[in-house]
Amino acid sequence: MFNKTVKELSIGLSQGEFSSVELTQHYLDRIKAKDGEINSFITVTDELALEEAKAADQIRAEGKATDWTGIPFAHKDIFCTKGVLTTCGSKMLENFISPYDATVVSNMKTSGAVCLGKTNMDEFAMGSSNETSYFGKVINPWSDKEQLVPGGSSGGSAAAVAARLTPIATATDTGGSIRQPASLCGLTGLKPTYGRVSRYGMIAFASSLDQAGPMARTAEDAAMMLNVMAGHDAKDSTSIVKDVPDYTASLNNSIDGLRIGLPKEFFNEHLSPELQNILQDSIKQLESQGATFKEISLPHSHLSVPAYYVIAPAECSANLSRFDGVRYGHRCEDPKDLMDMYQRSRTEGFGDEVKRRILIGAYALSAGYYDAYYNKAQQVRRLIKNDFVSAFEDIDVILSPTSPSPAFGFDSKGDDPVQMYLEDIFTISTNLAGLPGMSLPAGLINGLPIGMQLIGNYFEESKLLNVAHRFQTATDWHTLAPKNI
Amino acid sequence: MSIGPDDINQIAHLARLKIDEKDVPKLSGDLDNILSLVDQLQAVNTDNIVPMAHPMDAVQILRKDVVTETNQREKYQAVAPAVEDGLYLVPKVIE
Amino acid sequence: MQWETVIGLEIHVQLATKSKIFSGSSTQFGSEPNTQASLVDLAMPGTLPVPNEEAFRKAIMFGLAIDADINKRSVFDRKNYFYPDSPKGYQTTQLDHPIVGPGNIEIQLANGTKKIIRVHHAHLEEDAGKSLHDDYHGMSGIDLNRAGTPLIEIVSEPDMCNSEEAVAFAKKIHSIVSSVGIGDGEMSQGSMRFDVNISIRPKGEEKLGTRTETKNLNSFRFMEKAIKLEVERQIDVLEDGGSITQETRLYDGEKDISRSMRSKEEANDYRYFPCPDLLPVIIDDVYIDSIREDMPELPDARAARFIEQYALSDYDAEFLAGDTETAAFFEVSTKISGDAKLSANWVAGELSARLNSDDISIKQCPINAELLGKLVLRIKDGTVSSSGAKKVFEVLWAQKSNDVDAIIDQQGLKQVSDTGALEAIVDEVLAGMADQITQYQEADEKKRKKLMGGFMGPLMKASKGQGNPKLFNQILAKKLNS
């Protein structure tokens, strides 16, 4: 049962092969049995899940079921869930029971899906290996002899889906946090266009970059979940007023004649030969379906990581100021005065990577440095966006690597944070430009999955999902599962 | 540009973080590495480029002036570290 | 040395919207603590702001009222600082692209001179909550009901050179705010607060001196006192050979002292940047024009109309037109009395003096405009003398009765206008004033007018204050000149 996709489970439920309660119990049992090793969940909401499952079965009995009624899934612990612990992977929110639901959470509730729990993540979504979580690192289920990272920051969601502890999960992506773990865990993850999914109730890291999306096994499942997640929300000023298409409707469209761009800056000599080969095979596959390829140039793409490491920290330095120990969250013991309360609560509540980014951000915004850093980065950001805008004048989709390598060992990046930052070298420009991007399994390197990235024009998630689905119809990389599950 | 111990202390103060004296050299090195990555930005000419604060060229939608919220004090203060008489308590505020 | 003072004002005005600037919480004043603090106001993780259109509308109304440029594109920024009454750890405000650009305000001083004070800009921002310093086991209490109340901050150029000008400017803003209906103008509830930037320099010197900022003054009187105190302090410091430190000061109106606010000094790097949770607000001419069409009459236009329509003096017109309530009060009472000048005298004189001394606003006035109009009518038609009317006014003020005629009757204040009776009194009084009569008759025209007054006192006394002074005058003139 656990190898079924959401689509298959949905059919199974509708045909009465199993009930939602049975299905939910099945996954809860798997979590109980397997997650001790993987640590992909921070909170498992077993009782609530079974209640929801019961309600879903009731709805089905009344003949009011939809695609999602009774389908189990998990939320990344960045989404506020009413009455349920919401930690954002931080000690700061170790005891935070959210008093409200994020819009994504209420959308999923309305769909009738059953939430199994909240998945582990890098603290405040800052990280590419899931090592920064206060609740311990997440182990990539593909690990064999050596323990490997699942990627980050949505590493918990990715590991849980890869280990078949949940059929699908929500995730968020600020610089690659859906796509990179998807690549490292052999999954299909989609970061929608900025503004497509509401950010209300999604704990902010970098407001102008954050975007939520599905972490799935297949493009079809991702399309199904995006149907539920996407849409304008009056509570999020940056959410875009635009009709949401049925993303499943165009999955099978022909890709004959589709023009795909290959950015020469991404296909450079630093790319490993194994990854080169995998991408070439993927290109050939799509070519066989009629897609055409051409080289394009994104001349400012090498500035993505530098621009990102000004903009994201600057925004996060302000976004995380609300964690002050006054209204919620960690407060230090016996503060001797106001300053002491602020400093100790925040110093105790935040981990090292979060603190580093807050400091970088405060520095980049401080008097005398604003123009050289923040303003400059925002200018470069426009150059990066303009590169994409001109590229999309004569192509439909961009294909590139997602991550430079498959899953790596813990601590393998040394203690220079910059080495870790380069993990997102192919994904970050998409966030800066606000474009939709997805990663889907494209092959194995040393037995470990690795993804390829598809980048679309604004609001062209359908096209990405279409290409991905066509690829998955012809290949089986996405069906591979880790051995020991 | 490089971040010295004084800078670290200054920005840590602005951000209300406390940095242990012994951690300053390592942190200073980390931040320097990040800044030298970031300094690649300086090489590109951005004259007349309008800074981009949002990826989309969208316009703010304004909300009608309607009261939609009701008193939820008890619920919201359930997650507060210290409250009394409906107030959030903090160490004495001295102006 | 002769010193010259340079003053600039920053005025925070709460906008009278129903809901907050970024959330749907009520802005009502005086509710139980934190009962009007929503998820957004509390800066709960994940919450996001959505701006209130009415706040923009009111800010634009203010801009139109001072003939300012309205910026078609305005942007919210974050001003970062930690303070328990600032839940997000930053204030959402407008730094580089405020909604209202440069404008002008004309003030009138007591000596009748007028002066233009330039407004640099006015921007929208959110108010903070309140720290309550009652002792909770050595801790302070935070109430966030006020957090997120929309404000406009009006920033003047440093165009004022003394407290009178600064107060006149502040009062003019108050008058515009209440006339246009932007704010409620209730100073006692903190709906208008002033920060005063003050520097001094030797007379004739062009370079500005170092300035201090005295924050959070919430009445005109305190503002005036605080300015005087700060100017004196700066002069003392400089004349003792010291120098002025650029600092924020806190003024204690009760004790009339001020002190440096060190807590504000230690972190003044606000690290402003555009708020990524909010998009640029774009407005067009159609929108601005629709607001312009809905604008109520502005104080200056109203004053001009009062001069034209009622032949009032500049001073009276300015005073009465200053706020909507006073203006309406005057116009209603004039309609009933039929005498604008006399109604103006009573509203600007007796009534305002009493409101001031009782420290209440005209909205809370115990006498309504109709009643005052009736009273003025009775003065005009000779039923009661001015001094008699003051007695009626007292009864009305104490709300013992609201029947003007009945009070006049009961108090025996009805003027005697029977010419025969008055003539008898004149004859009787003049009989005992032979010397004065001679003096009068020997005097020239100019002096006679003066001497005339000497007879009125005894006449009023003899008539127990009830003789009609106008008639007395006529009879007297006839008798003395015959």
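All values derive from a computational prediction rather than experimental measurement.

### Overview of the interface of chain A and chain B
- On the chain B side, the residues contacting the 69 residues of chain A number 52 residues.
- Roughly 5,200 Å² is buried in total at the junction of chain A and chain B, and carbon and sulfur atoms are behind 70% of that figure.
- Broken down residue by residue, the surface that chain A buries against chain B is led by A:L359, A:Y363 and A:R382, which jointly contribute 13%.
- The partner of B:K18 in a salt bridge is A:D340, and the shortest N-O contact between them spans 3.6 Å.
- Where chain A meets chain B, there are 16 residue pairs in polar contact (both at pLDDT 80 or more).
- When residues of the side of chain A that touches chain B are assigned to their parent elements, the largest contribution, twelve residues, is made by helix 12 (residues 371–391) of chain A.
- Each residue belonging to the side of chain A that touches chain B can be placed in one class, and the counts come to 39 nonpolar, 15 polar and 15 charged.

### What about the sheet that holds strand 8 (residues 139–143) of chain C?
- Strand order in this open sheet of four strands is 1(B)-2(B)-8(C)-7(C), and the pairing throughout is antiparallel. A single partner strand is all that each edge strand has here, and the edge strands are strand 1 (83–84) of chain B together with strand 7 (130–136) of chain C.
- Pairing geometry for strand 2 (residues 87–91) of chain B and strand 8 of chain C, over four bridges, is antiparallel. Each residue of the ladder has a partner; that of B:V90, found in strand 8 of chain C, is C:S140.

### Details of the domain arrangement of chain C
- As assigned here, chain C comprises domain 1 (3–289), domain 2 (297–410) and domain 3 (419–481).
- With centres defined by C-alpha atoms, the gap from domain 1 of chain C to domain 3 of chain C works out at 60 Å.

### As for the nonpolar core
- Membership of the largest hydrophobic core comes to 201 residues, with the highest contact counts inside it found for A:W68, A:F124, A:L399 and A:L465.
- For this core, the element with the highest residue contribution is helix 9 (residues 304–319) of chain A, accounting for ten residues.
- What A:W68 contacts, discounting residues up to four positions off in sequence, is A:V6, A:M108, A:S111, A:G112, A:A113, A:I168, A:M224, A:M225 and A:V228.
- If you look at the next biggest cluster of nonpolar residues, it comprises 64 residues, including C:I7, C:V100, C:M192 and C:F220.

### So, the sheet that holds strand 6 (residues 114–126) of chain C
Residue and element names in this part refer to chain C.
- Ordered by their spatial adjacency, eight strands build an open sheet running 5-6-9-1-10-11-12-13, and the pairing between neighbours is mixed. Two strands in the sheet have a free side with no partner beyond their single neighbour: strand 5 (103–108) and strand 13 (257–260). Strand-to-strand, the axes of this sheet are offset by a mean angle of 30°, without reference to chain direction.
- Pairing between strand 12 (residues 248–252) and strand 13: four bridges, direction antiparallel. Looking at the pairing, Y251 lines up with S258 of strand 13.
- The strands that helix 3 (residues 220–239) touches are strand 1 (3–14), strand 10 (192–202), strand 11 (212–217), strand 12 and strand 13; relative to strand 10, the one it contacts most, it runs at about 25°.

Cut-off values and rules
Residues numbered from 1 in each chain as written. Chains lettered and ligands numbered in written order. Predicted model: local features only at pLDDT ≥ 70, side-chain atom pairs only at ≥ 80, totals over all residues. Heavy atoms only, no water. Contact = heavy atoms within 4.5 Å. Buried area = accessible area lost by both parts, 1.4 Å probe. Salt bridge = Lys/Arg side-chain N within 4 Å of Asp/Glu carboxyl O. Polar contact = N/O pair within 3.5 Å; in protein donor to acceptor, adjacent residues only side chain to side chain. Helix = DSSP H or I, 4+ residues; strand = E, 2+ residues; numbered from the N terminus. Nonpolar A, V, L, I, M, F, W, Y, C, P; charged D, E, K, R; others polar. Pairing = 2+ DSSP bridges. Domains from an automatic or database assignment. Core = buried A, V, L, I, M, F, W, Y, C linked by side-chain atoms within 4.5 Å. Buried < 20%, exposed > 50% of the residue type's maximum accessible area, 1.4 Å probe, protein only. Axes fitted to C-alpha atoms, helices over the stretch in contact; angles between N-to-C directions.

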